[in-house]
Amino acid sequence: MNRGRNLIIGQSGGPTAAINSSLAGVIEGALASDKIDTVYGMINGVNGLFERNVINLTEIFKNKAYELNRLMLTPAMYLGSCRHKISDDEFEKIIDTLKSYDVGYFIYIGGNDSMDTVNRLSQYTAEKHIDINIVGVPKTVDNDLMGIDHSPGFGSAAKYIATAVREVAYDTSIYAIKSVHIIEAMGRNAGWLTAASVLARDGVSNAPHLVYLPEVPFSVDNFVRDVKEKLKTLNSVIVVVSEGLKDEEGNYISAGENSCDKFGHVMLSGVGAYLKSVVEKQIGCKVRALEPSVLQRSAGHTASLTDIEEAFNLGLVAASAAINGQSGVFSTLKRISDAPYSVAYSTENVSVVANAEKKVPLEWINEQGNDVTNEMISYLKPLINGVPQVPYRNGLPDYIDVSHLDRRNQSYSEDSEEF
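Structure report, in brief. (Residues numbered from 1 in each chain as written. Predicted model: local features only at pLDDT ≥ 70, side-chain atom pairs only at ≥ 80, totals over all residues. Heavy atoms only, no water.)

### A short note on the sheet that holds strand β7 (residues 210-212)
So, point 1. Across the sheet, four strands lie side by side as β7-β8-β6-β11; this open sheet has parallel pairing. Whereas interior strands pair on both sides, the edge strands pair on one side only; in this sheet they are β7 and β11 (286-290). Put simply, the sheet's adjacent strands are angled 15° from each other on average, direction ignored.
So, point 2. The pairing of strand β6 (residues 179-185) with strand β8 (residues 236-242) spans seven bridges and is parallel. (Pairing = 2+ DSSP bridges. Helix = DSSP H or I, 4+ residues; strand = E, 2+ residues; numbered from the N terminus. Axes fitted to C-alpha atoms, helices over the stretch in contact; angles between N-to-C directions.)

### Considering the packing of helix α5 (residues 91-100) against helix α6 (residues 112-127)
So, point 1. Closest axis-to-axis distance for the α5/α6 pair is 11 Å, and the angle between their directions is 75°. The angle between the axes of α5 and α6 places the two elements in the roughly perpendicular class. Of the residues in α6, those in contact with Phe-91, Glu-92, Ile-94 and Ile-95 of α5 are Arg-120, Leu-121, Tyr-124 and Thr-125.
So, point 2. Its residues assigned to classes, the contact of α5 with α6 comprises five nonpolar, one polar and two charged. (Parallel < 35°, antiparallel > 145°, perpendicular 65-115°, else oblique. Contact = heavy atoms within 4.5 Å. Nonpolar A, V, L, I, M, F, W, Y, C, P; charged D, E, K, R; others polar.)

### Some details on the environment of Gly-270
So, point 1. Structurally, Gly-270 is set in the loop between β10 (266-267) and α10 (271-282).
So, point 2. Since its relative accessible area comes to 12%, Gly-270 is described here as buried.
So, point 3. C-alpha of Gly-270 to C-alpha of Tyr-252: the two residues are 18 residues apart in sequence and 9.9 Å apart in space. (Buried < 20%, exposed > 50% of the residue type's maximum accessible area, 1.4 Å probe, protein only.)

### Here's the deal with the sheet that holds strand β3 (residues 54-56)
So, point 1. Strand order in this open sheet of seven strands is β3-β2-β1-β4-β5-β12-β13, and the pairing throughout is mixed. Taken across any chain shown, the strands that pair with only one partner, and hence form the sheet edges, are β3 and β13 (341-349). Along the sheet, successive strands turn relative to each other by an average axial angle of 25°, direction set aside.
So, point 2. Here six bridges tie strand β1 (residues 5-11) to strand β4 (residues 103-110), and the two strands are oriented parallel to one another. Residue pairing across strands places Asn-6 opposite Val-103, the latter belonging to β4.
So, point 3. The sheet contacts of helix α1 (residues 19-31) involve β1, β2 (36-42), β4 and β5 (133-138), and relative to β1 the element is tilted by about 175°.
So, point 4. Running at roughly 35° to β13, helix α11 (residues 305-323) makes contact with β2, β4, β5, β12 (329-338) and β13 of the sheet.

### Focus: the packing of aromatic side chains
For any pair of aromatic rings, geometry is given as the distance between the ring centres together with the angle between the planes.
So, point 1. By the definition in use, this model includes ten aromatic pairs.
So, point 2. When the centroid spacing of 6.1 Å and the interplanar angle of 90° are considered together, the rings of Trp-192 and Trp-364 count as edge-to-face. Remark: Trp-364 occurs in the loop between β13 and α12 (374-380) and Trp-192 occurs in helix α8 (residues 192-195); sequence separation between them is 172 residues. Summarising the burial analysis for this pair, Trp-192 and Trp-364 share the class buried.
So, point 3. Their ring planes at 70° and their centres at 5.8 Å tell us that Tyr-212 and Phe-223 sit as a pair that is edge-to-face. In this pair, Tyr-212 is assigned in strand β7 and Phe-223 in helix α9 (residues 220-231), connecting sequence segments eleven residues apart.
So, point 4. Here a set of aromatic residues connected by ring pairs shows up, and it is made of Trp-192, Trp-364 and Tyr-379. (Phe/Tyr/Trp six-rings, centres within 6.5 Å; stacked < 30°, edge-to-face > 60°.)

### Focus on the pattern of salt bridges
So, point 1. Here the structure, examined in full by the defined rule, presents 15 salt bridges.
So, point 2. Between Asp-116 and Lys-85 there is a salt bridge, with its nearest N and O atoms 3.7 Å apart. Of this pair, Asp-116 sits in helix α6 while Lys-85 is found in the loop between α4 (65-72) and α5, placing the two residues 31 residues apart along the sequence.
So, point 3. Relative accessible area serves as the criterion here: at 41%, Lys-85 is assigned to the partly exposed category.
So, point 4. Residue Lys-276 pairs with Glu-280 through a salt bridge whose shortest N-O separation is 2.6 Å. Here Glu-280 and Lys-276 lie together in helix α10, a separation of four residues that amounts to about one turn.
So, point 5. Here the salt bridges share partners, and the residues they tie into one network are Glu-67, Arg-70, Arg-393 and Asp-398. (Salt bridge = Lys/Arg side-chain N within 4 Å of Asp/Glu carboxyl O.)

Spelled out as structure tokens, the structure:
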């Protein structure tokens, strides 16, 4: 048998509960192919290439089905992440490194900016006639990627937010006093995750009672009016807001100054805290601002089985696409039916998703701008179904070891047999 070329995988951007499932799908697909000799992983995305910080995934996972299953069910990123925006003068260094590892297939798992890396790198290899296939695998809890019905990672984050809202509703229902709880969900410009909070409604509790998405201009006066109206009939009012709420002039609603990351995205914080101060001053009841922050991204213990399985399948599709000669594409899925729920997998040109943003359709938001429609609920419901069988040890989730991401541990392991 002729020796195959090697495949390398990286992860980039923010973590999710399902991104390692996509990694597991790529690894399984690559290990099953006679065209692949070795599967490598770059530590901390493309930064790992610059530093030649690469691990051999074939040695770690070949013939180890249990470990691959643990990887599937482990949140965050087994290979680590980065938010590095590649400059044009770095392409040659990347290609030289890939050639040194005899890489014929490059797969990158990430969101909008990561798919921009896939797009630009695939264009470079095409222009220079370099025989390396570049393929992307999508992910984001924000669900704002174009070219795909919903993003891997979103379903699990949606399930976490809905669960958190339901539990807050039960917690606050025990008190016979007027109170407001404001929960701030992730979503810079797209309100998908905030909208998912409505899945908490179970027919007994109608929380969240008010939902505000960034697709609609936010009015503080209308917000105060809405809360006061709800307090007339409810002791506890639960509000979910997107971190990226803007006023009619396009200014972010925030408690403090905002800065930008390397990609020019505003780093948001404080809308919940700001609205808490508004309620305190203008209404005067008990009020709390709750910010799940990173908890909503990587809650593997409340992951959606649908999300985990779809993420894995998208990894398989990406591996197959790269191995079979495709480049400049990303794996995607299209919804066939809501009930029974079904999807179809394929690939799409990565330029469709790179640096693009999918927002909630305005027709899925009610006229008052403080709730969503039944169309949104029908879209969301299938995505949180199923409970993955996460392994537990000593009462806690038994996630896969990621100590290789800690350089201090790496150094220690070289000096100590006990580690």
